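What follows is the residue order along each chain.
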Amino acid sequence: MQVLGKKMGFVVGCAWFLSVIGVGQDLLLSDSIILYSLSHPADSDAAPVKIRLSHEVEYSLSANALHVLNWRHGDNPDLVSFFHRLKYMSLITNNRGVKISNSFTHELGIQYYFDSISRYQPDENMLDTRMEIKIARKFCFSTLSNLTTRLFNAYLNVTDHNGSHGKILGSTFLTPLIWTFSIGFGITVPKSATFSLGLSAARFTWIRDRRVFREPDIFVFYGVPREKRHILEYGLSVQLLVDRQFLKRVHWNCNLLVFKNYKKPIDLVMKNLIGIRINRFLMTTVQTRLFYERDLSKKIQFENLITLGFYIAL
């Protein structure tokens with residue numbers, strides 16, 4: 001009887017503790033979590049909060065080789081290259097109009113020339129986080145965080161006053177690290193696109209490796225003065241995200257990010273990707289990347305990449 005009394009006391013104590021907290025949760029098989037009130041379970045006005053978590057992983061790998069004979073159009077272009085792309089996406093939503101999305105994209109290309117020269121291109125790593133709170137049917141309050149850097153060294157080919165060829169460091173890991181974040185409003189087209197206007201935005205640029213100043217003997221790198229390691233700029237931002245599926249085999253993804261410093265011209269980064277599924281494990285992609293930053297160049301920079309290779313989505 002004494003043991004039974006202790007067990008009953010424990011059960012009653014747990015019930016009292018939960019009634020004080022007033023909130024419990026239940027995990028369903030559909031990856032949804034329902035939060036509800038335990039204080040008044042029969043209260044019909046206390047609608048449960050349903051939270052749903054979904055995620056997806058994409059991976060692609062491709063390789064190609066180029067070999068020519070008796071080439072008369074510049075240097076020997078023989079090369080072997082590999083390219084892989086990893087993207088992880090997660091989405092948290094509830095039935096009260098709150099949505100939090102995260103995506104991490106890693107793209108790395110290795111190009112090896114037969115004269116023992118190799119380079120990593122492209123080399124892009126981006127972490128994108130968005131939170132949206134629904135205001136009206138297609139309008140929402142939104143916050144944005146976009147973080148980018150590369151992993152490996154990138155070099156610039158130079159020629160000195162004696163005519164000798166060499167290379168200097170152009171960028172590397174966390175050099176630069178660019179973090180853009182904003183608060184504003186957005187317009188959403190279901191299953192198609194999202195347009196966000198950051199009424200209050202900032203961009204943080206950090207330089208870890210000081211060689212990017214010393215070796216080329218420059219005084220400004222990505223807007224950061226030589227005597228500093230970082231700068232924080234304030235301004236406005238605009239982002240356009242397009243994610244659209246056509247005919248179950250063609251996928252279009254576009255990410256356009258514009259930042260306007262109050263005292264400088266606009267900076268623009270756009271990545272446009274079109275993927276065509278050939279079968280379950282083969283895909284061909286056409287990727288275009290566009291950059292414009294006045295501190296680096298007065299011209300718009302383009303990069304086009306066409307791949308055909310292995311693809312898997314989970």
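Residues numbered from 1 in each chain as written. Predicted model: local features only at pLDDT ≥ 70, side-chain atom pairs only at ≥ 80, totals over all residues. Heavy atoms only, no water.

This next bit is on the overall build of the protein chain. Counting its secondary structure elements, the protein chain contains two helices and 18 strands. The long-range fraction of contacts in the protein chain, counting pairs at least 24 apart against all pairs at least 6 apart in sequence, stands at 49%. Carbon and sulfur atoms make up 64% of the accessible area of the protein chain, which amounts to about 20300 Å² in all. (Helix = DSSP H or I, 4+ residues; strand = E, 2+ residues; numbered from the N terminus. Contact = heavy atoms within 4.5 Å. Areas by Shrake-Rupley, 256 points an atom, 1.4 Å probe, with all protein chains shown as cover.)

So, about the environment of Thr 180. Tracing the backbone through its elements, the reader meets Thr 180 in strand β10 (residues 177-189). Placed 23 residues apart in sequence, Thr 180 and Arg 203 show a C-alpha to C-alpha distance of 4.4 Å. Discounting chain neighbours no more than four positions away, the residues touching Thr 180 are Leu 144, Ser 145, Asn 146, Ala 202, Arg 203, Leu 257 and Phe 259.

In the sheet, strand β5 (residues 98-113) pairs with strand β6 (residues 118-134) via 14 bridges, with the strands oriented antiparallel. Bridge pairing in β6 links Thr 105 to Met 126. Where β6 meets strand β7 (residues 139-149), ten bridges bridge the pair, whose relative direction is antiparallel. Counted as the bridge partner of Ile 133 is Phe 141 from β7. (Pairing = 2+ DSSP bridges.)

Attention shifts here to unusual backbone geometry. In this model, Gln 121 is joined to Pro 122 through a cis peptide bond whose omega is 0°. Within the fold, Pro 122 resides in strand β6. Following Thr 175, the chain continues into Pro 176 via a peptide bond in cis, with omega recorded as 5°. Along the chain, the position of Pro 176 falls in the loop between β9 (165-171) and β10.

Further remarks concern the pairing of strand β16 (residues 266-277). As paired elements, strand β15 (residues 250-261) and β16 share eleven bridges and run antiparallel to each other. Each bridged residue has a counterpart across the sheet, and for Lys 260 the counterpart in β16 is Ile 266. In textbook terms, the turn of a hairpin is the stretch between consecutive antiparallel strands, and for β15 and β16 this stretch comprises four residues. Summarising the sheet, β16 and strand β17 (residues 282-292) pair through ten bridges and their orientation is antiparallel. Residue pairing across strands places Leu 273 opposite Gln 287, the latter belonging to β17. Between β16 and β17, which pair antiparallel and follow one another directly, the connecting turn spans four residues.

Looking now at the pattern of salt bridges. Enumeration according to the criterion identifies 14 salt bridges in this entry. For Asp 209, the salt bridge goes to Arg 211, with nearest N and O atoms at 2.9 Å. You can call Asp 209 buried: its relative accessible area is 11%. We note a salt bridge from Asp 217 to Arg 226, for which the minimum N-O separation is 3.1 Å. For Asp 217, a relative accessible area of 51% puts it in the exposed group. Ionic contacts of the salt-bridge type, sharing partners, join the residues Glu 58, Arg 85, Glu 107, Glu 124, Lys 271, Arg 289 and Glu 303 into one network. (Salt bridge = Lys/Arg side-chain N within 4 Å of Asp/Glu carboxyl O. Buried < 20%, exposed > 50% of the residue type's maximum accessible area, 1.4 Å probe, protein only.)

Quick look at the packing of aromatic side chains now. Aromatic ring pairs are reported here in terms of the distance separating the ring centres and the angle at which the planes meet. In the structure shown here, the tally under the stated rule is six aromatic pairs. Here Phe 141 and Phe 185 contribute two aromatic rings whose centre-to-centre distance is 6.2 Å and whose plane-to-plane angle is 80°, an arrangement assigned as edge-to-face. Within this pair, whereas Phe 141 is found in strand β7, its partner Phe 185 is found in strand β10, the two being separated by 44 residues in sequence. You can call Phe 141 partly exposed: its relative accessible area is 28%. (Phe/Tyr/Trp six-rings, centres within 6.5 Å; stacked < 30°, edge-to-face > 60°.)

Confidence in the prediction of the protein chain, expressed as mean pLDDT, is 83, and 81% of residues score 70 or more. Here strand β1 (residues 23-27) stands out as the least confident element of the protein chain, with mean pLDDT 40; β7 is the most confident, with 95. With pLDDT under 50 throughout, residues 1-8 is counted as low confidence; its partners more than four residues away or in other chains account for zero contacts. Low pLDDT, under 50, characterises residues 14-30; the stretch is placed with 24 contacts to residues that sit more than four places away or in other chains. (pLDDT = per-residue confidence, 0-100.)

On the surface, Ile 135, Phe 139, Phe 185, Ile 187, Phe 195, Leu 197 and Leu 199 cluster together to form a nonpolar patch covering roughly 650 Å² of accessible area. Looking at the nonpolar patch, the elements that each hand over two or more residues are β10 and β11 (193-206). It is β11 that contributes the most residues to the nonpolar patch, three residues altogether. Note that Ile 187 resides in strand β10. (Patch = residues over 30% accessible without salt bridge, like charges linked within 9 Å, V, L, I, M, F, W, Y side chains within 5 Å.)

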